[in-house]
Each structure stands twice: as C-alpha cells, then as structure tokens.
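Structure assessment
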Amino acid sequence: MKSDESASAHEFDYLIVGGGAAGLSLAYHISQEPRLAGKRVLLLEPEVKNQNDRTWSFWADAPTLFDGIVAKEWTQIAFRSPTFERVIPLTRHRYKMIRGLDFYRFVQRALADKPQFTCVTTTVTAISNTADGAVAHTPQGEFHAQYAFDSRPPELARLQRPERYRYLLQHFVGWEVETEQDAFDPETAEFMDFRGEQQREARFMYVLPFDKRRALVEYTLFSAEVLPKEQYEEELQNYLSRLLNGQAYRITAEEVGAIPMTDHPLPANTGAHIINLGTRAGRAKASTGYAFKRIQQHSARLTAALAATGHPPQNLTGDQWQFRLFDTLLLDIMQRQGEQTREIFTDLFRRNPIERIFDFLDERTSPWQNFQIMNSVAPWPFLRSIGHVLRGRPGQR
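Residues numbered from 1 in each chain as written. Predicted model: local features only at pLDDT ≥ 70, side-chain atom pairs only at ≥ 80, totals over all residues. Heavy atoms only, no water.

1. Let's talk about the overall build of the protein
We apply this condition: Strands are runs of DSSP state E lasting at least 2 residues, helices are runs of H or I lasting at least 4, and numbering of each runs from the N terminus. For this measure, only C-alpha atoms enter the radius of gyration; the expected value for a globule follows 2.2 Å times N^0.38, where N is the number of residues. Under the scheme applied here, a residue whose accessible area is under 20% of the maximum for its type counts as buried, over 50% as exposed, and between as partly exposed, the area being computed with a 1.4 Å probe on protein chains only. By the convention used here, residues are in contact when the closest approach between their heavy atoms is within 4.5 Å. Neither His nor the chain ends contribute to the count of charged residues, in which Lys and Arg are positive and Asp and Glu negative. Throughout, a charge is located at the NZ atom of Lys, the CZ atom of Arg, the CG atom of Asp or the CD atom of Glu.
A tally of regular secondary structure across the protein gives ten helices and 18 strands. In terms of overall dimensions, the protein is globule-like: its C-alpha atoms have a radius of gyration of 22 Å, near the 21 Å expected for 397 residues. Projected onto the principal axes, the alpha-carbon positions of the protein cover approximately 60 × 55 × 40 Å. Burial status across the protein gives 54% buried among its 397 residues. Of all intrachain contacts in the protein linking residues separated by at least 6 positions in sequence, the fraction that spans at least 24 positions is 76%. For the protein, the separation between the mean place of its 47 positive charges and that of its 49 negative charges on side chains is 5 Å.

What follows is the structure, encoded as structure tokens:
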C-alpha cells in the first residue's frame, strides 16, 4: 500500500472514504479477491489508526476472515433477569471479541504489500456523483473513481423525523478490571444481566471474562439520552461489589460509546456511484446495535458483485423487509415502555434454543421460525406497536 501525501495521482477505480471497521473491511475483502487485483483503490482517512479505540463482539457458526486476531471466544453465555437465569452452552456458535487495534494492524499489514492500494490521510468534505463516476473533495484536492464507498457517520441529527421514526441510543461505559484472586468464569460471557433496576428503560450489565482474573464489565442502556458519567460509574461499582463479594479490583482500561439505534431508513447509496458503508448504510442492526458481522456480510456482497460484473449488486444490502419490521416493533416498545424489554428478552431466552435466537438476530430464520420466535413472547406490547407502525407514527409513553 502506497502513501500518497502529494496527492498527485487522482484517478482510481474505487475510493473508500473512512478507515474504520467498514472502510477497512471492504478494503480487506477487495484485497483477497484475485479478480480485483488490478483495481486501483484509494483509502481516505483523517486519522492514523494506531490506538485501541474500541472492541467488536459477535457470534459466529462458521470460520471468519478475522479468526486469527480474535482476542477471546466463549463457549457459553449467561442470561439473567429477576425471574429467569440460565447459563447456555453454545453448540453451533461461538461468541467472539476482536480488539480495534488488532483489527487495524491486521488489515494494514494485509494491504502493505498490495501496490493497488493507496492511502491518503485527509478529511473528505464532500462526495459527489459525476456522469461516469464519483469525486471526493478534500483539502488535498479532488479524487476521482468509478465508485466511491462512503463510511462516514450518518447525519442523523439533520435527517431526524421524530414524528414518524424512532431514535434511541445504545450507550455504555465499560471497565476492564483485574482482580488479585480468581473471580470470573473465562468460558462464560454474561450476555445480558437484567437484574438491576430498569428505571423505565432497558438497562443491563454485560461481562466478557478474558481469564479468571480479568474481564470487561459494561453498563449498557437502550434509551434516548446518555447519562452523566458518574451514574454509569456508580452502577458499575455497585455491580462489581456484588459480583466480587467486596474483593478489590483495579481498572486497567475504559470503554465509552453510544450507538444510534433507529428505524429511520438509511440509504444504501447516494446516487449511482456512491455506495454507503457501515452505520451510514444501516449496518448497525436497529434493535441490537451489533454491526461487525453485518459489515463483513455487506463487504463480501459488494466485493463478489464487483468481481463478477464490475458493478455493485442491484440489491446492495440484501436486507429483508420482515426483519426491518421486527426491529421497528422492538424499537417502538423500547421508546414507549423500555422496561418491558427485560420481559421480552426473558421470554425469548426462556422459550427458545439459543441457536434459533442467534439465527433470528442474524436475519437467517425461516417464516416458521419467525413465528416460533414471535409466539414465544407476550403479544400485547407488539400488537400495540403494530398499531403505531400502521398509523405511521412512533409510540410515546
């Protein structure tokens, strides 16, 4: 991969705008496709990616391109609420975590020996379609290509229509902690611990143990507004005090985030030659916030079509309408009566095998399996939300 600081060569086949998870994923998929080896690819990113600024977790039932950099995987998960608790062995799936810095370095190394890739550190101020391609406007000049792939964050604040769509955040503060004595089960990820007060919202703890003495512990909420930092910290302190029976611990790292969760349609493209990626293309699942595996599926879909036809696929994402509807209904319940989320997930985990739940969240289930999922939860919250959807407005408390 070349670094084009002078920006003298402005003609490329593909522009990838953004060097985060979505942009680097597409670049890596292209780099692994022999039929695209002759394509000139320009990666435009305003920051050097050399910090461990985030982690990505996901479940998988098949090998992935990034298994070599998985920091940890778990063979069972735990679900806990006041009325139901279960530690669930995973048979077909594994739950996995990748650290951001490991991912950045892995992709950067893979691209380093590929002369078809060029990287320019710069800010993209605008991208526009042309008669035969796209152009990215930057302080270093204009860059032209047949297609531009845009992974910049969506401008939701400007696009919002609260009279019609639902807008929530999945927001969290997480601590990596270390104890002096064994305290964690390294085989079990605490997927959702809903035993705390909900305060009319969906609130749970999430714990990923790396070994018996180290774990990531996160306080996660689905709601419209973030909390003052000290409220997350107080909940984390109280939870760790109970979990560790008063044992001392040391905070070694902190993770803070807020993921938009909305049923607002996020377009898969902007005109004929600008293809959206990542959260800009709605790849963060509206009802859960999980994005990493959906980004990989999107990247694979785009790359396969480019290699086969020279153009992106007509259906850019492959999304299915029924799963978008399920997401909308759950978002409506979260926005209107967030505390009901706990009972919905309790019913899901009490009455369904984990493989069916994961397949449903992966949008891989059949109509019969979808019926089994919906039949396993109390119907009235969803029926009320269907009314709101049919009337074209979000539910309010």
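2. Considerations on the pattern of salt bridges
What counts, and what does not: Salt bridge, as used here: a side-chain nitrogen of Lys or Arg that lies within 4 Å of a carboxyl oxygen of Asp or Glu.
Applying the stated criterion across every chain, the model contains 34 salt bridges. In this structure, Arg364 engages Asp359 in a salt bridge whose closest nitrogen and oxygen atoms are separated by 3.7 Å. Salt bridges linked by common partners bring Asp61, Arg92, Lys293, Asp359, Asp362 and Arg364 together as one network.

3. Things to note about the side chain of Asn352
Put simply, the rule is: N or O atoms closer than or at 3.5 Å make up a polar contact, with two conditions inside protein: a donor-capable atom paired with an acceptor-capable one, and, for residues adjacent in sequence, both atoms drawn from side chains.
Locating Asn352 in the fold gives a position in the loop between helix H7 (340-351) and helix H8 (354-361). Reaching out from Asn352, the side chain makes a polar contact with the backbone oxygen of Leu348 at a distance of 3.0 Å. Only 2.8 Å separates the side chain of Asn352 from the side chain of Ser376, close enough to count as a polar contact. Each residue touching Asn352, except ones within four places of it in the same chain, is listed here: Asp347, Ile357, Gln372, Ile373 and Ser376.

4. Thoughts on the sheet that holds strand S17 (residues 249-262)
Basically, it comes down to this: Pairing between strands requires that DSSP locate at least two bridges from one strand to the other. Where helices are involved, their axes are fitted lines through C-alpha atoms of the stretch in contact, as for all axes, and angles between N-to-C directions lie from 0 to 180°.
Read from one edge of the open sheet, seven strands run S7-S6-S14-S15-S16-S13-S17, paired in mixed fashion. The strands lining the two open edges of the sheet, one partner per strand, are strand S7 (84-89) and S17. Strand-to-strand twist across the sheet, computed as the mean angle between neighbouring axes with direction ignored, equals 15 degrees. Pairing between strand S13 (residues 167-179) and strand S16 (residues 214-223): ten bridges, direction antiparallel. Its bridge partner lying in S16, Leu169 is registered against Ser223.

5. Quick look at empty space enclosed by the protein
Applicable threshold: Detection works on a 1 Å grid of protein atoms alone, calling trapped sets that fit a 1.4 Å probe cavities and calling open sets with protein on both sides within 12 Å along at least five of seven lines pockets, with lining residues defined by an atom within 4 Å of a point. Grid points are joined across faces, edges and corners, and a volume is the space filled by probe spheres set on the points. Basically, the charged four are Asp, Glu, Lys and Arg, the nonpolar ten are Ala, Val, Leu, Ile, Met, Phe, Trp, Tyr, Cys and Pro, and anything else, Gly included, counts as polar.
By the definition in use, this model includes one cavity of 30 Å³ or more. Lining the largest cavity are 13 residues, and of these Trp59, Tyr290, Lys293, Arg294 and Asp362 sit closest to its centre. Counting residues per element, the ones that place at least two in the lining of the largest cavity are strand S4 (55-60) and helix H5 (292-309). Of all the elements, H5 adds the most residues to the lining of the largest cavity, at four residues. Split into classes, the residues belonging to the lining of the largest cavity amount to six nonpolar, three polar and four charged.

6. Structural notes on the sheet that holds strand S8 (residues 94-99)
With respect to topology, three strands assemble into an open sheet ordered S4-S8-S5, the strand pairing being antiparallel. Each having just a single partner strand, S4 and strand S5 (72-74) make up the two edges of the open sheet. When strand polarity is set aside, the average angle formed by the axes of neighbouring strands in this sheet is 20 degrees. In terms of strand pairing, S5 meets S8 through three bridges, oriented antiparallel. Bridged to Glu73 within S8 is Lys96.

7. Considerations on the packing of aromatic side chains
Condition: When the centres of two rings from Phe, Tyr and Trp lie within 6.5 Å, Trp using its six-membered ring, the rings pair. Their planes under 30 degrees apart give stacked, over 60 give edge-to-face, and anything left gives tilted. Each ring is checked for a lysine NZ or an arginine CZ that lies within 6 Å of its centre and within 35 degrees of its normal; such an atom marks a charge sitting over the ring.
Under the criterion given, the structure shown has 30 aromatic pairs. Between the aromatic rings of Tyr14 and Phe149, the centroid separation amounts to 5.9 Å while the plane-to-plane angle is 80 degrees, which identifies the pairing as edge-to-face. Taken together, the positions of Tyr14 in strand S2 (residues 11-17) and Phe149 in strand S12 (residues 141-150) put the pair 135 residues apart, joining distant regions of the chain. For Tyr14, a relative accessible area of 0% gives the class buried. A residue is classified by how much of its surface remains accessible, and Phe149, at 0% relative accessible area, is buried. Over the aromatic face of Phe210 sits the side chain of Arg99, whose NZ or CZ is 5.0 Å from the ring centroid.

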